[in-house]
Amino acid sequence: MDRCALNGCFAPAQREKWLNAVAHRRSVRAYADAPDVEQMSALHYAAARIRLPGMRIAIGEAASAMLFRKLPFVEQIGGTNRYAAIIADDRADPRAALYAGAGGEALVLEAASLGVGTCWVAGFRRSGLEGLSLEPGEKVLAVTPLGIPADRPEKSAKRKKLGEICLGDPAQWPMWAYNAAECVRRAPSALNRQPWRISFAGRTLILSRSGLGSPLDFGIAALHLSLGMGAAPHTLRWGEGREIISLVAEEQV
Ligand SMILES: Cc1cc2nc3c(=O)[nH]c(=O)nc-3n(C[C@H](O)[C@H](O)[C@H](O)COP(=O)(O)O)c2cc1C
């Protein structure tokens with residue numbers, strides 16, 4: 001099993017800010033405007049600092065109608081011309097797409113903490129990214145609009161109950177394990193599939209895939225698993241096969 005670059009990667013204050021944002025983040029598709037100058041400069045700063053193996057984030061400008069398709073059952077994304085592209089190069093690291101999920105979600109949570117709305121979009125129009133320059137080997141795995149949410153509350157999609165995504169009864173787990181699992185439960189996923197299972201034994205939590213999901217979904221969930229630990233020390237290791245990642249809590253938790 002591989003040690004994970006998320007260990008110790010983000011400052012405690014950043015992690016706390018992102019954990020607080022987990023509770024109120026939801027996908028925003030209707031925007032009133034682009035972020036203001038201060039919000040944009042904070043987003044540029046955050047995007048430049050979120051660097052994980054094989055991934056990076058680029059912020060750009062594009063007409064939303066060029067970038068986002070109208071999909072059945074969901075509102076057409078519109079009202080802002082700013083976006084962030086989540087870029088991965090799997091030649092640089094075989095887990096680049098997982099890191100892209102984790103790093104992209106860090107930006108999404110940073111945006112939420114600034115009052116900027118986002119929506120992970122994997123089904124975007126590549127032709128809408130004309131102005132974006134990519135290095136050889138780089139691919140844009142997803143984009144998100146960045147904007148001021150329209151004055152019209154959008155609810156987060158419903159989640160499975162904690163008992164449905166945990167093996168065993170999470171109410172019997174220690175508080176740290178319960179909190180980490182609950183933070184995974186709130187993670188966004190493509191089509192809201194929530195394709196994960198969490199098991200607990202001793203000091204270890206294991207996040208596994210369940211059903212259809214992409215490395216982006218799994219990277220997002222891995223970041224949530226770690227954020228849910230709050231300040232409690234822990235070590236993450238990537239898994240193999242169905243196992244996405246394991247988290248071992250240190251003795252003093
Ligand atoms: C990897 C990924 C890809 C997604 N792709 C799209 C997309 O192409 N179009 C879209 O409208 N929403 C997309 N979403 C948003 C999900 O539908 C949304 O996160 C999920 O329904 C949960 O809702 P919430 O984000 O409001 O909590 C995507 C989410 C993820 C994590």
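The rules behind these values
Residues numbered from 1 in each chain as written. Predicted model: local features only at pLDDT ≥ 70, side-chain atom pairs only at ≥ 80, totals over all residues. Helix = DSSP H or I, 4+ residues; strand = E, 2+ residues; numbered from the N terminus. Buried ≥ 20, exposed ≤ 12 C-beta atoms within 10 Å, placed from the backbone. Contact = placed C-beta atoms within 7 Å. Pairing = 2+ DSSP bridges. Axes fitted to C-alpha atoms, helices over the stretch in contact; angles between N-to-C directions. Expected span 1.5 Å × (residues − 1). Near = placed C-beta within 6 Å. Nonpolar A, V, L, I, M, F, W, Y, C, P; charged D, E, K, R; others polar. Domains from an automatic or database assignment. Core = buried A, V, L, I, M, F, W, Y, C linked by C-beta atoms within 7 Å.

Mapping R15 onto the fold places it in helix α1 (residues 12-22). The class for R15 is partly exposed, based on 19 C-beta atoms found within 10 Å. The spatial distance from the C-alpha of R15 to the C-alpha of R126 is 32 Å, given a sequence separation of 111 residues. Once residues within four sequence positions are removed from consideration, R15 is found in contact with F10 and L227.

Taken in spatial order, the 5 strands line up as β1-β9-β10-β8-β7 in an open sheet, and their pairing is antiparallel. Since the sheet does not close on itself, it has two edges, and those belong to β1 (2-3) and β7 (196-201), each with one partner. Judged from the 2 bridges that link them, β1 and strand β9 (residues 234-238) form a sheet pairing that is antiparallel. Within β9, the residue paired with D2 across the bridge is W238. Each of β7, β8 (204-209) and β10 (243-249) is contacted by helix α6 (residues 175-185), which is oriented at about 175° to β7, the strand it contacts most.

Glancing now at helix α4 (residues 96-113). Turn by turn, an α-helix covers 3.6 residues, leaving residues three or four places apart pointing in a common direction. The terminal C-alpha atoms of α4, which comprises 18 residues, lie 25 Å apart, in line with the 26 Å expected from a rise of 1.5 Å per residue. The buried fraction of α4 is high, at 17 of 18 residues. Positive phi appears at G115, one or two residues downstream of α4, with a value of about 80°.

Taken in spatial order, the 3 strands line up as β3-β4-β5 in an open sheet, and their pairing is antiparallel. Every other strand in the sheet has two partners, leaving β3 (55-61) and β5 (139-146) as the edge strands with one partner each. Direction aside, neighbouring strands of the sheet carry axes that sit 25° apart on average. Helix-sheet contacts for helix α2 (residues 37-49) involve β3, β4 (82-88) and β5, and the interaxial angle to β3 is about 155°.

Take the site of the ligand next. The environment of the ligand is made up of 21 residues, and the closest members are S27, W120, G123, P188 and N192. Here the shell around the ligand is composed, by residue class, of 13 nonpolar, 6 polar and 2 charged. When residues of the shell around the ligand are sorted by domain, at least three fall in each of domain 1 (26-149) and domain 2 (162-249).

Glycine aside, a negative phi is what most residues show, and trans is what most peptide bonds show. In this structure, L191 takes a positive phi of about 55° despite not being glycine. Topologically, L191 is positioned in the loop between α6 and β7. What makes L191 partly exposed here is the crowd of 13 C-beta atoms within 10 Å. With a phi angle near 55°, N192 is a residue other than glycine that sits in the positive phi range. Inspection of the secondary structure puts N192 in the loop between α6 and β7. For N192, a count of 12 C-beta atoms within 10 Å corresponds to the exposed category.

The subject of this paragraph is the environment of R193. Structurally, R193 can be placed in the loop between α6 and β7. For the pair formed by R193 and A100, sequence separation is 93 residues and the distance between their alpha carbons is 19 Å.

Let's shift gears to the nonpolar core. Soluble globular proteins: nonpolar side chains tend toward being buried together. One finds V184, L207, A221, A222 and L225 to be the most contacted residues of the largest nonpolar core, which totals 76 residues. A total of 12 residues in this core trace back to one element, the largest contributor, which is α4. Taken domain by domain, this core gets at least three of its residues from each of domain 1 (26-149) and domain 2 (162-249). With sequence-adjacent residues up to four places away left out, L207 is seen in contact with V184, W196, I198, A221, A222, L225, I244 and I245.

Attention now moves to the domain arrangement of the protein. Splitting the protein by domain gives domain 1 (26-149) and domain 2 (162-249). Each of domain 1 and domain 2 has a C-alpha centre, and the two are 24 Å apart. In this assembly, 14 residues from domain 1 lie in contact with 11 residues from domain 2. Within the residue set of the side of domain 1 that touches domain 2, elements represented by two or more residues are α4 and β5. Element by element, the count of residues in the side of domain 1 that touches domain 2 is highest for α4, at 8 residues.

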